[in-house]
Amino acid sequence: MSYISIILNLILGARTIKGAVTVSIIFFILFIIYTSLQAYTYRNTARHLEKIQQEKKELQAANKKLAGELKKIKQNMKKTSQQSPNKKVAYLTFDDGPSSNTSAILSILDHYKIKATFFVIGNQSERGKHMYKRIVAEGHAIGLHSYSHEYRTIYVSPTAFHQDFNQIRELVYQLTGQKPNIIRFPGGSNNHISRKYGGKNLMHTLIQQMTREGYRYFDWNVDSRDAERVTQSRDIIIQSVLQGSKNKQKTIILLHDSQVKTTTVEALPAIIEGLRKQGFSFDVLTDQSFTYHFAPSS
Ligand SMILES: [Zn+2]
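Values in this document were obtained by computation on a predicted structure and should not be read as measured data.

> Where do I start with the UniProt feature "transmembrane region" (unreviewed entry) in the protein in this structure?
Sites flagged by UniProt as "transmembrane region" (unreviewed entry) map to residues 20-42. Span residues 20-42 is 100% helix and 0% strand, its end C-alpha atoms 32 Å apart.

In structure tokens form, the structure reads like this:
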């Protein structure tokens, strides 16, 4: 039985008309009170809902703002860690690759979960082409060294240098899609060999031109001495790096990635472990990182 029929029964069941009217009025009043209460509750709920939605919007905006600030903090932390003068950072650099040793070097770096910098030259063998791609894919930095690495070709004149340099730049770009802006001059920025071919001022001119073109060049402050002879003793390489890095906060370590430098690969695990013991962490060179330049030779 519905409420309406109960009400009708009560009204019709009243013994007098006056009674029926009174019952009707009572129910009418009750009805009015009921609907008013309903309307009030509805209004309140709607207001409440509106408030919640407003708060939601405010929270979303605050969230967005916080995410933005978090991003900024992370960027700053990265910058600080890069520039922090107190943090010991070792930059392993491998010149003259890719070679038959690149794969082994990459595996060792992967084993220790560290990143290095490769200053590459031209190598169009299938394995070579694959290695440029692996260097980049595995998170290492790729820098340009020269295409031919032939002093008598590249150091004849600024034009000759640029012609050769454009070849390695193009090759790396075609294979990896990257346009590196970090370079290392073959022989270093103060090499004397270039004088024989291009004259006394050649290196000065090249440094100025390359810097103007947006390149940052890197010499080294630790020499592994793996280039002193065709195949250097593994122990000399390890000792040269570890001794040379002592008392330094930032070390740019010269190593070579070429077919005959097998002992460099053999020395690498001990170099990494020894540097870790000295408190070094490892990073890649970038246009923002620490750099080291030789004093111009006179
Ligand atoms: Zn070289």
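> Would you take a moment to explain the pairing of strand 7 (residues 250-256) for this structure?
Every regular strand shows the same layout, with side chains that alternate between the two sheet faces. With 6 of its 7 residues buried, strand 7 lies for the most part within the structure. Strand direction decides the pairing type here: strand 1 (residues 89-95) and strand 7, joined by 7 bridges, are parallel. Directly across from Phe94, in strand 7, lies its bridge partner Leu255. Regarding topology, helix 9 (residues 234-245) serves as the crossover connection from strand 6 (residues 222-223) to the parallel strand 7, and that connection is right-handed.

> I tried to follow the UniProt feature "domain: NodB homology" (unreviewed entry) in the protein on my own but got confused; where do I start?
Residues given the UniProt feature "domain: NodB homology" (unreviewed entry) here are residues 88-283. This span, residues 88-283, is 46% helix and 15% strand, and a straight line between its end C-alpha atoms measures 10 Å.

> It is not clear to me how unusual backbone geometry should be interpreted in this structure. Could you clarify?
A negative phi angle is the norm for most residues apart from glycine, just as the trans form is the norm for most peptide bonds. Following Gly97, the chain continues to Pro98 via a peptide bond in cis, the omega torsion being 0°. Positive phi values are uncommon outside glycine, yet Lys113 reaches one of about 55°. Residue placement: Lys113 occurs in the loop between helix 3 (102-111) and strand 2 (117-120). Among the residues examined, Lys113 registers 8 C-beta atoms within 10 Å and is labelled exposed.

Reading the values: the criteria
Residues numbered from 1 in each chain as written. Predicted model: local features only at pLDDT ≥ 70, side-chain atom pairs only at ≥ 80, totals over all residues. UniProt positions renumbered as here; feature names shortened; annotations may be inferred. Helix = DSSP H or I, 4+ residues; strand = E, 2+ residues; numbered from the N terminus. Buried ≥ 20, exposed ≤ 12 C-beta atoms within 10 Å, placed from the backbone. Pairing = 2+ DSSP bridges. Right-handed = clockwise from strand over helix to strand, strands pointing away.

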